[in-house]
Amino acid sequence: MPRNLHASATTRPRARITQKSRLKIVQGDDHEADVLLIPDEDEEKNRLTNLVAGVDAEDANEHHLQAVLSAHSHQPPAARATRGTTTTEKARHTAPQAYIPTPDSTGVVDNYKDLYPSDRWKDPSSLLATSSTVEEAISNALAEGMTYYMDERDKEWLDKNNEEGRGEGTSAQGSVSSTRTSSRSAKGKGKEPEASHPLIISEDEFELVMGLYEKVTHEKTEYLHHGLENGMTFPSFQEYQETFSTALPPPTFESFTVPSWIPSPSRLTQIARVIYPYWKERRLERGGHRIIPILNFDESDTLNESYVCFRRREIKAVRKTRAQQAPASDKLLRLQSELSYPLEIAKSLLERETRKREVAQTSQQVWERRMGLVDLKRKYPSLGDRADEELLVDKEKPKKSETVRQPKARAEPGAPLRVLEVAIRPSERVSLINEAIET
């Protein structure tokens, strides 16, 4: 049956033919037969593409996207907002139940002027350009991006700790009683009590210790969050004590230089012992993850499936055949030969100039020796000899004698052999004749 080119002009329903459809044989001029549409491969491909416009075919089955498309197709035309609809009319429509979740970025900061004052920064006359990272620009930054930055909660805990360290806000009796209670409970559980008396800690020391805790945990137990889910115990302070009890090596910092304000190992260990309970508490609240959240690049994370539809795309490598590789290889070989030729010329020029310099140095040395010989002959005339004067002048190199080659004569069969005379110069011939006359 021929393909129906004017199917859009008919109002009758059209049945789509597949490999499982049963075809009806139509004989004669039966105009009452159902109009069948044989789908075109290109049209089918365009239809599927338009169905999930802007999304890869691999992500067409994402349930959030399918829910939105299904809700949009079942929505009555009257409820859809047109281009000329005003904002008031749009607000009358009910919010769609199906949507694709996206991060919320509608937050507004109340104290924006306090955080970013207008007189703090002035635009330079030229553009700013830098290739250094944030850690490289900070003198106290830890390596591998493990620098810790305080937040409001850390500031509150640090102020409270410093007040207790100075004896403000709490009584000494209360601190002693709490220490005794904790030690008794620790002894009852069979553990050694961890003495953590409040100390006065600066903000830099606090960020350093918190960053070292994060760094050591990442190096030893990178997947701590998975271990805690499977019943793993949280690392004790003894596992970190070795790091704080020894001097910090330069590779610990991004600048490979230990800052001068770093406290001694004994002082650093005391500070780390005081901060450990607070760091452990915050780490457990995060489920074992880092306190400062980082970007999640794990695309197989099922908990983050709402963003699978918009994940990063990786370009697939195109399969190359020999026909495609041959021109590229020829071009590379030609490029290699063209680049090697100038290199050889440059090497030859360098060798020539080097030899010229050696010849000039040798000529200078010969000139100095001749000057010394002339001065010696002037001082002692009796040592003079005419043969020495030849040493003061460079001898001309004798020219090579040019030998004239005679063409070889082919001997004909039966012809007598002819003796060929050797060709000599006229001056030599004249001298030979004169010698023969004299003799």
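Rules and cut-offs
- In this convention, every chain numbers its residues from 1, walking through the sequence in written order.
- This being a predicted model, a pLDDT of at least 70 is required before a residue's local features are given, and a value of 80 or more before pairs of side-chain atoms are given or counted; all residues contribute to the totals for chains, interfaces and linings.
- Excluded from the side-chain calculations are hydrogens and water; all other atoms, namely the structure's heavy atoms, are used.
- Under the DSSP-based scheme used, a helix requires at least four consecutive residues in state H or I and a strand at least two consecutive residues in state E, with every element numbered from the N terminus.
- For the purposes of these results, a polar contact is taken to be a pair of N or O atoms within 3.5 Å, where, inside protein, one atom must be able to donate a hydrogen and its partner to accept one; residues adjacent in sequence count only when each atom of the pair is a side-chain atom.
- Contact definition: two residues touch when any of their heavy atoms are within 4.5 Å.
- pLDDT gives the predictor's per-residue confidence on a scale running from 0 to 100.
- Among buried residues, those of type Ala, Val, Leu, Ile, Met, Phe, Trp, Tyr and Cys that are joined through side-chain atoms within 4.5 Å constitute a nonpolar core.
- Working definition: with a 1.4 Å probe on protein chains only, accessible area under 20% of the residue-type maximum means buried, over 50% means exposed, and in between means partly exposed.
- Each salt bridge in this description consists of a side-chain nitrogen of Lys or Arg and a carboxyl oxygen of Asp or Glu lying within 4 Å of one another.

One can find Thr252 in the loop between helix 10 (238–245) and helix 11 (265–285). For Thr252, the side chain forms a polar contact with the main-chain oxygen of Pro249, separated by 3.0 Å. Sequence-distant contacts of Thr252, defined by excluding residues within four places in its chain, comprise Leu142, Ala143, Leu212 and Lys215.

Further remarks concern the confidence of the model for the chain. Parts of the model with low pLDDT should not have their predicted coordinates read in detail. Looking at the chain, pLDDT values average 76 and 67% of them are 70 or higher. Confidence drops under a pLDDT of 50 for residues 1–11, and excluding neighbours within four residues, the segment shows 7 contacts in the predicted structure. Ignoring residues within four places in sequence, the model shows residues 171–193, a span with pLDDT below 50, making 5 contacts including any to other chains.

Attention now moves to the nonpolar core. Counting 30 residues, the largest nonpolar core has Ile201, Phe206, Val209, Met210, Tyr213, Phe244 and Trp279 as the members making the most contacts within it. Residue assignment for this core shows that the elements contributing at least two residues are helix 8 (203–220), helix 10 and helix 11. A total of 8 residues in this core trace back to one element, the largest contributor, which is helix 11. Once residues within four sequence positions are removed from consideration, Val209 is found in contact with Phe244, Leu268, Ile271, Ala272 and Ile275.

Let us now look at the environment of Gly287. The topology assignment puts Gly287 in the loop between helix 11 and helix 12 (322–379). Gly287 sits in the partly exposed class, given a relative accessible area of 32%. Separated by 63 residues in sequence, Gly287 and Leu224 have C-alpha atoms that sit 8.5 Å apart. Not counting the four nearest positions on each side in its chain, Gly287 is found in contact with His225 and Leu228.

Another point: the pattern of salt bridges. A complete count under the given rule lists 13 salt bridges for this structure. Salt-bridge contacts for Glu214 lead to Arg283; the nearest nitrogen and oxygen are separated by 2.9 Å. Highlighted residues: Glu214 in helix 8 and Arg283 in helix 11, separated in sequence by 69 residues. No difference in accessibility class separates Glu214 from Arg283, as the two residues are buried. Ionic pairing is found between Arg355 and Glu351, a salt bridge with its closest N-O pair at 2.9 Å. Highlighted residues: Arg355 and Glu351, both in helix 12, separated by 4 residues, approximately one helical turn. Members of the salt-bridge network, linked through shared partners, are Glu144, Lys215 and Glu219.

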